[in-house]
Structures are given as C-alpha cells and as structure tokens.
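Coordinate inspection notes
The chain contents come next:
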Amino acid sequence: MSEQQTIRPIGIRHGDTVKVMSGRSKGKTGKVLSVDPAKGTVTVERANIIKRHTRANPSKNVRGGILDKEGPIHVSNVMLVCPGCGKHTRVGHTALPDGTKVRVCRRCNQAFEH
Ligand SMILES: [Zn+2]
C-alpha cells in the first residue's frame, strides 16, 4: 500500500454553513470555525464537542478544568448547506464573466460567494 496522500482541494471555507453527515454529531448544522487543509478536516460550531482538560494558567488568565471544544471532523463527513435552497449539497465550480471562480450549489446553481 502506498502512503501517498492525495490532497484534494477542500471546497469548504471558514464561515460556511455545513451539515454533519456521519459520526457522533450526525445531522448537526453549524458554521465552519476553522479549516485544516493539510489534514482535510474542519471544525464546526457545536459539532463533535470534545472535552479538553486544561491546566490553570493564571498568567494567561486561563482557568483550569474541563473545557468543551469543537473537535475536527473530516471534510468527507460534512456537506455544505446552500444559502439559496437551504439543502446540503455538492459543490460545483464555475467562472463568472469576469473570470472569478466561484463555488455553486449543484441543486440550484446559487453561488456561495457573495
Ligand atoms: Zn442550492
């Protein structure tokens, strides 16, 4: 087996709304908080919450204890939610007349970019 990794472009960006399609947070919809293109993961608002144990650090004003934090979810487990039709969708790519490339909803052709 080859260890070669195919890096596919992540069609999801910070601030997008996505729906979690599988795993512990299946069915949850939330905003993308961060994207990790190297790992192919995203963190989604209030989805895949993990408990993080933190040590108190008074100099950084950090209280010790257990912190709820969004954990990474692989992009293959989430789908974009279209602002136009409100459904989770595959993303297409198209170019505007001025040459700008935009992502579009495969269902209703609404562009994700504003
Ligand atoms: Zn749509």
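Parameters and conventions
- Residues numbered from 1 in each chain as written.
- Predicted model: local features only at pLDDT ≥ 70, side-chain atom pairs only at ≥ 80, totals over all residues.
- Pairing = 2+ DSSP bridges.
- Helix = DSSP H or I, 4+ residues; strand = E, 2+ residues; numbered from the N terminus.
- Core = buried A, V, L, I, M, F, W, Y, C linked by C-beta atoms within 7 Å.
- Buried ≥ 20, exposed ≤ 12 C-beta atoms within 10 Å, placed from the backbone.
- Contact = placed C-beta atoms within 7 Å.
- Domains from an automatic or database assignment.
- Nonpolar A, V, L, I, M, F, W, Y, C, P; charged D, E, K, R; others polar.

This brings us to the sheet that holds strand S2 (residues 29–36). Strands belonging to one sheet form pairs held by backbone hydrogen bonds; the direction of such a pair is parallel or antiparallel. Taken in spatial order, the six strands make up an open sheet running S6-S3-S2-S1-S7-S8, and their pairing is antiparallel. One side of each edge strand has no neighbouring strand; the edge strands of this open sheet are strand S6 (72–74) and strand S8 (88–89). Bridge analysis of strand S3 (residues 41–44) against S6 gives three bridges, and the strand direction is antiparallel. When the sheet's bridge partners are listed, threonine 43 is paired in S6 with proline 72.

Bringing the pairing of S2 into the picture now. Within a regular strand, side chains alternate between the sheet's two faces. Pairing analysis gives three bridges linking strand S1 (residues 17–20) to S2, with the strands arranged antiparallel. When the sheet's bridge partners are listed, threonine 17 is paired in S2 with lysine 31. In textbook terms, the turn of a hairpin is the stretch between consecutive antiparallel strands, and for S2 and S3 this stretch comprises four residues, one of which, glycine 40, has a positive phi near 70 degrees.

On to the nonpolar core. Membership of the largest hydrophobic core comes to 14 residues, with the highest contact counts inside it found for Ile12, Val18, Val42, Val44, Ile73 and Val78. Of all elements in the fold, only S1, S3 and strand S7 (78–81) reach the threshold of two or more residues within this core. Broken down by element, this core gets its largest block of residues, three residues, from S7. Valine 44 has contacts with Val18, Val20, Gly30, Val32, Leu33, Glu70, Ile73 and Val78, leaving out every residue within four places of it along the chain.

Moving on: the domain arrangement of the protein chain. Each assigned domain of the protein chain is listed with its residue range as follows: domain 1 (17–81) and domain 2 (85–114). Between domain 1 and domain 2, the C-alpha centre-to-centre distance is 26 Å. In this complex, domain 1 contributes four residues to the contact, which on the side of domain 2 involves five residues. Examining the composition of the side of domain 1 that touches domain 2, we find that three residues originate from one element, S7, more than from any other. Residue classes in the side of domain 1 that touches domain 2 are distributed as three nonpolar, no polar and one charged.

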